[in-house]
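# Descriptive structure summary
One letter stands for each residue in the lines below.
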Amino acid sequence: QVQLVESGGGLVQAGGSLRLSCAASGSMFSRAAMGWFRRSPGKQRELVATVTSGGVANYAESVKGRFTISRDNAKNTVYLQMNSLKPEDTAVYYCNAQRDSIWYGHWGQGTQVTVSS
């Protein structure tokens, strides 16, 4: 029912910036909290940032002050602005939607972010 398509990743030098986008299908987008996750080889998927349906954001400690999550309900899109990137941020980034404290059970392809030193 829900399709999630991430884009905007790429190769960037340490200290640089990227802006990720997640386009979500479905009419329920505006009622769902959204989140960005990331996964590196050999690591579990990590929750990076969330934004509620009302636009309230929360961040993992590791990205606080550097990343900004936002949403545009009219476009059914959630963004992740990543500044001051570090090599440790290298991962595949995924978005997901949450309703009633349950994350959607299907993941998109993700978008690769590689930060070189």
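Structural notes, computed from the coordinates. Worth saying up front: this structure is predicted, and the values here are computed from it rather than measured. (Residues numbered from 1 in each chain as written. Predicted model: local features only at pLDDT ≥ 70, side-chain atom pairs only at ≥ 80, totals over all residues. Heavy atoms only, no water.)

## Structural notes on the layout of surface pockets
Taken as a whole, the largest pocket encloses approximately 190 Å³ of empty space. Along the walls of the largest pocket sit 14 residues, with V2, M28, A97, R99 and Y104 positioned nearest its centre. Considering each element in turn, the lining of the largest pocket owes the most residues, three residues, to strand 9 (residues 91–99). In the lining of the largest pocket, the residues fall into eight nonpolar, five polar and one charged. (1 Å grid on protein atoms, 1.4 Å probe; cavity = no way out; pocket = protein on both sides within 12 Å on 5 of 7 lines; lining within 4 Å. Points joined across faces, edges and corners; volume = space filled by probe spheres on them. Helix = DSSP H or I, 4+ residues; strand = E, 2+ residues; numbered from the N terminus. Nonpolar A, V, L, I, M, F, W, Y, C, P; charged D, E, K, R; others polar.)

## Here's the deal with the pattern of salt bridges
Across all of its chains, the model carries three salt bridges by this definition. With a shortest N-O distance of 2.9 Å, R38 and E46 are connected by a salt bridge. Where D89 meets R66, a salt bridge forms, and the shortest distance between an N and an O atom there is 2.8 Å. With D89 in the loop between strand 8 (77–82) and strand 9 and R66 in the loop between strand 6 (57–59) and strand 7 (67–72), this residue pair connects regions lying 23 residues apart in the sequence. Accessibility expressed as a relative area gives 1% for D89, which makes it buried. One salt-bridge network, held together by shared partners, links R38, E46, R66 and D89. (Salt bridge = Lys/Arg side-chain N within 4 Å of Asp/Glu carboxyl O. Buried < 20%, exposed > 50% of the residue type's maximum accessible area, 1.4 Å probe, protein only.)

## Section: the packing of aromatic side chains
Under the criterion given, the structure shown has three aromatic pairs. With centroids separated by 5.0 Å and ring planes inclined at 90 degrees, the aromatic side chains of F37 and W107 adopt a geometry described as edge-to-face. Within this pair, whereas F37 is found in strand 4 (residues 33–39), its partner W107 is found in the loop between strand 10 (102–103) and strand 11 (111–116), the two being separated by 70 residues in sequence. On the basis of relative accessibility, which here comes to 32%, the residue W107 falls in the partly exposed class. Residues Y94 and W107 carry aromatic rings whose centres are separated by 6.0 Å and whose planes lie at 80 degrees to one another, so their mutual orientation is edge-to-face. A residue pair is termed long-range when its members are at least 10 positions apart, and Y94 in strand 9 and W107 in the loop between strand 10 and strand 11 qualify at 13 residues. Residue Y94 is classed as buried on the basis of its relative accessible area of 14%. In this structure, R45 packs its charged tip against the face of W107, placed 3.9 Å from the ring centre. (Phe/Tyr/Trp six-rings, centres within 6.5 Å; stacked < 30°, edge-to-face > 60°. Lys NZ or Arg CZ within 6 Å of the ring centre and 35° of its normal.)

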